[in-house]
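In case you want the letters, here they are:
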Amino acid sequence: MKIGVQLERQFSIYGEKGALEVAAQAGFDTVDWSLHPQTDMFTCPLATNSMEVLAEHYRKLGEYAREFGLTVSQIHTPLAHAYRPEETAYNEGMYRMQQNSIACCAALGAKYAVMHVLQPPLEHYTPEYQALGDARNREFFQGLLPLLQKYDVQIAIENLFGITTLPSDDYDYSLTSRTQEMAHVIDMLNDMAGEERFVACVDTGHAILMGQNPAEMIRTLGKRVKVLHIHDNDGKHDQHLTPYMGKIHWDEALAALREIDYQGSFSFEADGFINVFDKLCQPEAMRFLARLGHHMTACAGL
């Protein structure tokens, strides 16, 4: 199984090519390419450059990655759930970046683009919230469908934590924070598409934050699971720690991956661990993470 790592902060520290070199030298096989804007979204290249210019840029970077023995297993698009009612310019800019991200995904040689669903502007999870969210996301993703088909990219819907922080400091549910909502949204969108164009990205840290057992989420979603965000936390805060530094039972989660015959990469999003170190020490932290990933998956027979 290929062991992967998210690259976001590393792009700003080492540059795009430098971050790829650090990941390869650390022992990773593949990367999760974050396309979050490093600058203001209205002026960042993903929003202002043409799709053709962006695709060529990322095609060259994909080739560069392969020179170091790396593939790009997945990308993460800008945060689409940040929909703002009545802010037309913001929403149009965000949508344009989602469109461009699909072309960039294909140019990098990746199959999966992780996206967050749009969350309705309501404070609590209610039947009204679900219905409004379903309608908004059908419209949003239907508009992207021609590009997904053109570039043969699949959207990996990520499980998120809650809409808001409540007075009790517990998260409320959102459209994709629980297993049943994840399955509902993915199946709804695939029914709309008439094909499997939408899959699941199981974020282990987000799962435990919402009281969901990552192993049970993996088992229940089954063949929908094509992408992982591997990290841990204390069950209260989205810390993005390495496995075994939080409360997730990793033997169970790994067994669940084996049971569903998971074929994707084991991709870390443990930036809360990596990013506490400076430029000099981050490569060593990444080496530890790569060794941990290879050890975990080998012991689990993945």
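The structure we're discussing is the one just above.
Residues take numbers from 1 onward in each chain, read along the sequence in its written order. Local features in this predicted model are restricted to residues whose pLDDT is 70 or higher, and side-chain atom pairs enter the listing and the counts only when it is 80 or higher, whereas totals over whole chains, interfaces and linings include all residues. Only heavy atoms go into the side-chain values, all of them from the structure, while hydrogens and water stay out.

**Q** In this structure, what is going on with the overall build of the chain? I would like to understand it.
**A** By definition, any uninterrupted DSSP run of H or I lasting at least four residues is a helix, any uninterrupted run of E lasting at least two residues is a strand, and each is numbered from the N terminus. Within the chain, the secondary structure is distributed over eleven helices and eight strands. Here the radius of gyration uses the C-alpha set of atoms, whereas the globule reference equals 2.2 Å times the residue count to the power 0.38. Its C-alpha atoms give the chain a radius of gyration of 18 Å, near enough to 19 Å, the size a compact globule of 302 residues would have. Projecting the C-alpha coordinates of the chain onto the three principal axes gives extents of approximately 50 × 45 × 40 Å. For every residue, the accessible area obtained with a 1.4 Å probe (protein chains only) is divided by the maximum for its type, and the residue is called buried under 20%, exposed over 50%, and partly exposed between those limits. For the chain, the residues scored as buried account for 56% of the 302 residues in total. Counting only contacts in the chain whose residues sit at least 6 apart along the sequence, the fraction spanning at least 24 positions is 76%. Values of accessible area rely on a 1.4 Å probe in the Shrake-Rupley scheme; residue burial ignores everything except the protein chains shown. Surface summary for the chain: the accessible area is close to 12,800 Å², and the carbon and sulfur share equals 51%. Asp and Glu count as negative and Lys and Arg as positive, but His and the ends of the chain are not part of the count. Where a charge lies is defined by one atom per residue type: Lys uses NZ, Arg uses CZ, Asp uses CG and Glu uses CD. Taking the average location of the 24 positive side-chain charges in the chain and that of its 40 negative ones, the two points are 6 Å from each other. Throughout, a residue-residue contact means that at least one pair of heavy atoms, one from each residue, lies within 4.5 Å.

**Q** In this structure, what is going on with the packing of aromatic side chains? I would like to understand it.
**A** The way to describe two aromatic rings as a pair is by their centre distance and the angle between their planes. Only centres within 6.5 Å qualify two rings of Phe, Tyr or Trp (six-membered ring in Trp) as a pair; their planes then separate them into stacked at under 30 degrees, edge-to-face at over 60, and tilted for everything else. Tallied over the full model, the rule gives nine aromatic pairs. On the basis of an interplanar angle of 90° and a centroid distance of 5.8 Å, the ring pair of Trp33 and Tyr58 is categorised as edge-to-face. Pair noted here: Trp33 is in strand 2 (residues 30-34) and Tyr58 is in helix 3 (residues 51-67), with a separation of 25 residues, a long-range link. Side by side, Trp33 and Tyr58 carry an identical accessibility label, which is buried. Between Tyr95 and Phe140 the ring centres are 5.3 Å apart and the planes differ by 75°, which places this aromatic pair in the edge-to-face class. Of the two residues, Tyr95 sits in helix 4 (residues 88-108) while Phe140 sits in helix 5 (residues 127-151), which places them 45 residues apart along the sequence. Accessibility expressed as a relative area gives 23% for Tyr95, which makes it partly exposed. Here, a charge over a ring means that NZ of Lys or CZ of Arg falls within 6 Å of the ring centre while also lying within 35 degrees of the ring normal. Here the basic side chain of Lys17 rests over the ring of Tyr64, its NZ or CZ set 4.9 Å away from the ring centre.

**Q** Where do I start with the layout of surface pockets in this structure?
**A** The rule is simple: put a 1 Å grid over the protein atoms alone, call a set of points where a 1.4 Å probe fits but cannot get out a cavity, call an open set with protein on both sides within 12 Å along at least five of seven lines a pocket, and count a residue as lining if it has an atom within 4 Å of a point. Grid points are joined across faces, edges and corners, and a volume is the space filled by probe spheres set on the points. Its volume calculated, the second largest pocket comes out at about 310 Å³. Lining the second largest pocket are 17 residues, and of these Glu16, His36, Gln38, Pro45 and Tyr58 sit closest to its centre. Where the lining of the second largest pocket is concerned, the elements lending two or more residues are helix 1 (9-26), helix 2 (45-48) and helix 3. Here the lining of the second largest pocket takes four residues from helix 1, the largest share from any one element. Following the grouping adopted for this structure description, the nonpolar residues are Ala, Val, Leu, Ile, Met, Phe, Trp, Tyr, Cys and Pro, the charged ones are Asp, Glu, Lys and Arg, and the polar ones are all others, Gly among them. Split into classes, the residues belonging to the lining of the second largest pocket amount to eight nonpolar, eight polar and one charged.

**Q** Is there a simple way to explain helix 5 in this structure?
**A** The span one expects for a helix is its residue count, reduced by one, times 1.5 Å. With 25 residues, helix 5 should reach 36 Å at 1.5 Å per residue; the first-to-last C-alpha distance of 35 Å fits that figure. Along helix 5, the sharpest kink reaches roughly 40°, centred on Leu144 and followed within four residues by the proline Pro146. Buried positions along helix 5 lie against helix 3, helix 4, strand 4 (112-115), strand 5 (154-158), helix 6 (179-193) and strand 6 (198-203). Here the bend at each residue means the angle between axes fitted to two seven-residue stretches, the one ending at that residue and the one beginning there.

**Q** Can you walk me through helix 4 in this structure?
**A** Since the α-helix advances by 3.6 residues per turn, residues separated by three or four positions end up pointing in the same direction. In this model, helix 4 (21 residues) spans 30 Å end to end at C-alpha, consistent with the 30 Å of a helix rising 1.5 Å per residue. Gly109 sits one or two residues past helix 4 and shows a positive phi near 90°.

**Q** What is the right way to read the pairing of strand 5 from this model?
**A** When a strand is regular, its side chains alternate between the sheet's two faces. Counting buried residues along strand 5, five of its five residues qualify, which places the element largely inside the surrounding structure. Of the two faces of strand 5, the one carrying Gln154, Ala156 and Glu158 and the one carrying Ile155 and Ile157 are both buried. If DSSP finds at least two bridges between two strands, the strands pair. As paired elements, strand 4 and strand 5 share four bridges and run parallel to each other. Looking at the pairing, Tyr112 lines up with Gln154 of strand 5. When the strands point away from the viewer and the path from the first strand over the helix to the second turns clockwise, the crossover is right-handed. A crossover links strand 4 with its parallel partner strand 5, the connecting element being helix 5, and its sense is right-handed. Sheet topology note: the strand 5/strand 6 ladder contains four bridges and is parallel. Each residue of the ladder has a partner; that of Glu158, found in strand 6, is Cys201.

**Q** Honestly, the environment of Gln119 in this entry has me stumped. Any pointers?
**A** As for its position among the elements, Gln119 is in the loop between strand 4 and helix 5. Classification of Gln119 by relative accessible area gives buried; the value is 12%. Through-space distance from the C-alpha of Gln119 to that of Gly133 is 6.1 Å; in sequence the pair is 14 residues apart.

**Q** Can you walk me through unusual backbone geometry in this structure?
**A** Phi is positive for Asp152, which is not a glycine, with a value near 55°. As for its position among the elements, Asp152 is in the loop between helix 5 and strand 5. Residue classification places Asp152 among the partly exposed positions, given a relative accessible area of 42%. Unlike most non-glycine residues, Tyr244 shows phi in positive territory, near 80°. Looking at where Tyr244 falls in the secondary structure, it is placed in the loop between strand 7 (225-229) and helix 9 (250-259). Relative accessible area serves as the criterion here: at 48%, Tyr244 is assigned to the partly exposed category.

These figures capture arrangement, not role.
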